[in-house]
Amino acid sequence: MKLIKLFFASILFLLSTSVHSQTVQISTQPGHENHDLNTFPLGNSTLKVLSNSILIDDTEIMNPVSWSYSESINRVATLERDEELKLSVFDQSGNRLMSQSLEFFNPFDQTLQIYPIGDGRIVLRDNVANFTFLSAKGETLYSVSNSSQSADGERESRMAKDATGRTVVLYNPAISYGNSTGSRAKIVLAENEEVLFYNSTDMEIRELKVSTNGSFITLLTTDEEWYEVIIFDRFGSELYSYRTEDPLRGINLSPNGDYITKFTTGRVQVYNSITGEVEGSTSSRGSVIDAVYFPEEETIIMLGGVITGQQVSDPTITAVHLGRRQIVREDVRESISIPESGMISFHRELSGRYLIRGLNKHLIVTANF
């Protein structure tokens with residue numbers, strides 16, 4: 001009888017150990033399995049990026065001057081050079097929703113860039129720092145000059161926004177001021193309504209993001225000696241700042257703004273933006289590409305690897321439970337890539353289940369602790 005009891009006790013122990021084992025499982029979102037490095041999800045269809053064209057489902061656009069897709073990944077906007085510049089918007093099946101000639105734009109301008117907004121508007125950048133806002137029909141709404149007027153020159157201005165265009169930010173990532181390099185950023189509320197909320201003569205903007213809900217703006221700035229993280233609300237009021245000598249590679253903010261994930265190439269830290277306290281940190285064996293903290297489950301999800309061109313070599317997923325101080329890591333056994341105009345995003349679907357978008361194959365990550 002004693003032997004039988006010991007046998008069943010052993011079985012229960014093994015089952016308990018199995019149930020509570022720590023694992024991270026990675027799978028490809030159904031329908032993405034056969035995507036090669038040049039094929040990216042576009043709604044229920046695909047976007048194929050070739051050397052001299054892009055293919056939206058079965059529609060090919062040759063030699064686009066500029067192209068980009070909306071954050072919802074269901075529309076593509078392109079600039080094509082013909083006798084004059086032509087703006088087009090396509091749906092996920094390659095149907096041309098809108099086409100508009102841009103007679104007042106120089107088709108050979110090397111700084112042309114297109115920014116589609118989820119509400120249908122389109123923004124065009126030309127002449128280094130000029131932004132023209134168009135309606136969904138291609139009609140000009142207004143233009144904004146983002147030139148710093150520095151006599152020593154500046155890098156091309158950029159735009160950051162949330163998916164719906166609730167918060168739109170124009171910024172100069174680098175402005176030359178003689179022996180120093182600065183930067184600045186402003187919020188565009190409407191025509192002739194702008195708020196300059198950041199202006200520095202000695203710090204470059206390494207990264208600027210608008211949160212998914214449009215409520216927060218995060219800046220990562222540096223002078224190559226110091227790195228500074230600053231959080232603003234959507235009206236430009238500063239909420240938080242942090243300065244370090246650690247060479248930060250990127251930052252991410254939780255949806256409610258309470259937690260900041262900061263990472264270098266080999267280390268991830270999570271801070272409480274209200275108290276300023278460190279919630280936890282972890283080191284990485286390989287290079288960190290991106291990392292996000294999900295406070296609901298006290299878990300960091302980290303994508304690692306080395307980016308060469310569009311391809312990610314030796315990709316890995318790491319999950320870290322800060323409360324339990326547990327870490328699990330798994331190689332991604334897929335060939336993955338990131339389009340030049342794309343941005344990686346992490347989403348919590350269910351408890352312990354996450355989706356990584358912005359790659360040629362959306363990855364489903366299930367973490368068990």
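As a starting point, this report considers the structure included with it.

What counts and what doesn't
Residues numbered from 1 in each chain as written. Predicted model: local features only at pLDDT ≥ 70, side-chain atom pairs only at ≥ 80, totals over all residues. Heavy atoms only, no water. Salt bridge = Lys/Arg side-chain N within 4 Å of Asp/Glu carboxyl O. Buried < 20%, exposed > 50% of the residue type's maximum accessible area, 1.4 Å probe, protein only. Pairing = 2+ DSSP bridges. Helix = DSSP H or I, 4+ residues; strand = E, 2+ residues; numbered from the N terminus. Axes fitted to C-alpha atoms, helices over the stretch in contact; angles between N-to-C directions. Contact = heavy atoms within 4.5 Å.

Overview of the pattern of salt bridges
1) Next: Inspection of every chain in the model, using the stated rule, returns twelve salt bridges.
2) Next: Measuring nitrogen to oxygen at the nearest pair gives 2.9 Å for the salt bridge that ties Lys 186 to Glu 194.
3) Next: The partner of Arg 333 in a salt bridge is Glu 330, and the shortest N-O contact between them spans 3.3 Å.
4) Next: In this structure Glu 330 comes out as partly exposed when scored by relative accessible area, which is 28%.

Regarding the sheet that holds strand β20 (residues 227–233)
Two pairing modes exist for strands in a sheet, parallel and antiparallel, and in both the strands are linked by backbone hydrogen bonds.
1) Next: Pairing within the open sheet is antiparallel, and its four strands lie in the order β18-β19-β20-β21. Each of the sheet's edge strands pairs with one partner strand only, and the pair in question is β18 (204–210) and β21 (238–244). On average, each strand axis in the sheet is inclined to that of its neighbour by 15°, with strand direction left out of account.

Some thoughts on the pairing of β18
1) Next: Within β18, five of the seven residues are buried, which leaves the element mostly enclosed by the surrounding structure.
2) Next: Strand direction decides the pairing type here: β18 and strand β19 (residues 216–222), joined by six bridges, are antiparallel. Counterpart to Ile 205 in the pairing with β19 is Thr 221.
3) Next: Hairpin remark: β18 followed by β19, antiparallel, with five residues in the connecting loop; positive phi at Gly 214, about 80°.

Quick look at the pairing of strand β11 (residues 122–126)
1) Next: Extensive coverage of β11 is indicated by the burial of five of its five residues.
2) Next: Covered by surrounding structure in β11 are Ile 122, Leu 124 and Asp 126 together with Val 123 and Arg 125, the residues of both alternating faces.
3) Next: Both strand β10 (residues 113–116) and β11 contribute to a ladder of four bridges, which runs antiparallel. Bridge pairing links Gln 113 to Arg 125 in β11.
4) Next: Counting the residues that bridge the hairpin from β10 to β11 gives five residues, and of these Gly 120 lies at a positive phi of roughly 105°.
5) Next: Pairing of β11 with strand β12 (residues 130–134) involves five bridges; the strand directions are antiparallel. Bridge pairing in β12 places Ile 122 opposite Leu 134.
6) Next: In sequence, β11 turns back onto β12 through a hairpin of three residues, with Asn 127 there showing a positive phi of about 50°.

Describing the sheet that holds strand β14 (residues 158–161)
1) Next: Judged by pairing direction, the sheet is antiparallel, and its four strands sit side by side in the order β14-β15-β16-β17 without closing on themselves. Each edge of the sheet is formed by a strand with only one pairing partner; in this case those strands are β14 and β17 (193–200). On average, each strand axis in the sheet is inclined to that of its neighbour by 25°, with strand direction left out of account.
2) Next: Here seven bridges tie strand β16 (residues 180–190) to β17, and the two strands are oriented antiparallel to one another. Within β17, the position partnered with Arg 184 by the bridge is Asn 199.

Description of the environment of Ile 175
1) Next: Here Ile 175 lies in strand β15 (residues 168–177).
2) Next: Exposure remark for Ile 175: the relative accessible area of 0% places this residue in the buried category.
3) Next: Distance in space between the C-alpha atoms of Ile 175 and Gly 153 is 6.3 Å, their sequence separation being 22 residues.
4) Next: Beyond its immediate sequence surroundings of up to four residues, Ile 175 is in contact with Ser 148, Ser 150, Gly 153, Glu 154, Ser 180, Thr 181, Gly 182, Ser 183 and Arg 184.

Overview of unusual backbone geometry
1) Next: One non-glycine residue, Glu 224, lies in the positive phi region at around 75°.
2) Next: If you trace the backbone, Glu 224 turns up in the loop between β19 and β20.
3) Next: The class of Glu 224 is exposed, set by a relative accessible area of 54%.
4) Next: Positive phi outside glycine occurs at Asp 314, with the angle close to 50°.
5) Next: By the element assignment, Asp 314 lies in strand β28 (residues 311–321).
6) Next: In this structure Asp 314 comes out as exposed when scored by relative accessible area, which is 64%.

It is worth stressing that arrangement in space is one thing and function is another; only the former is reported here.
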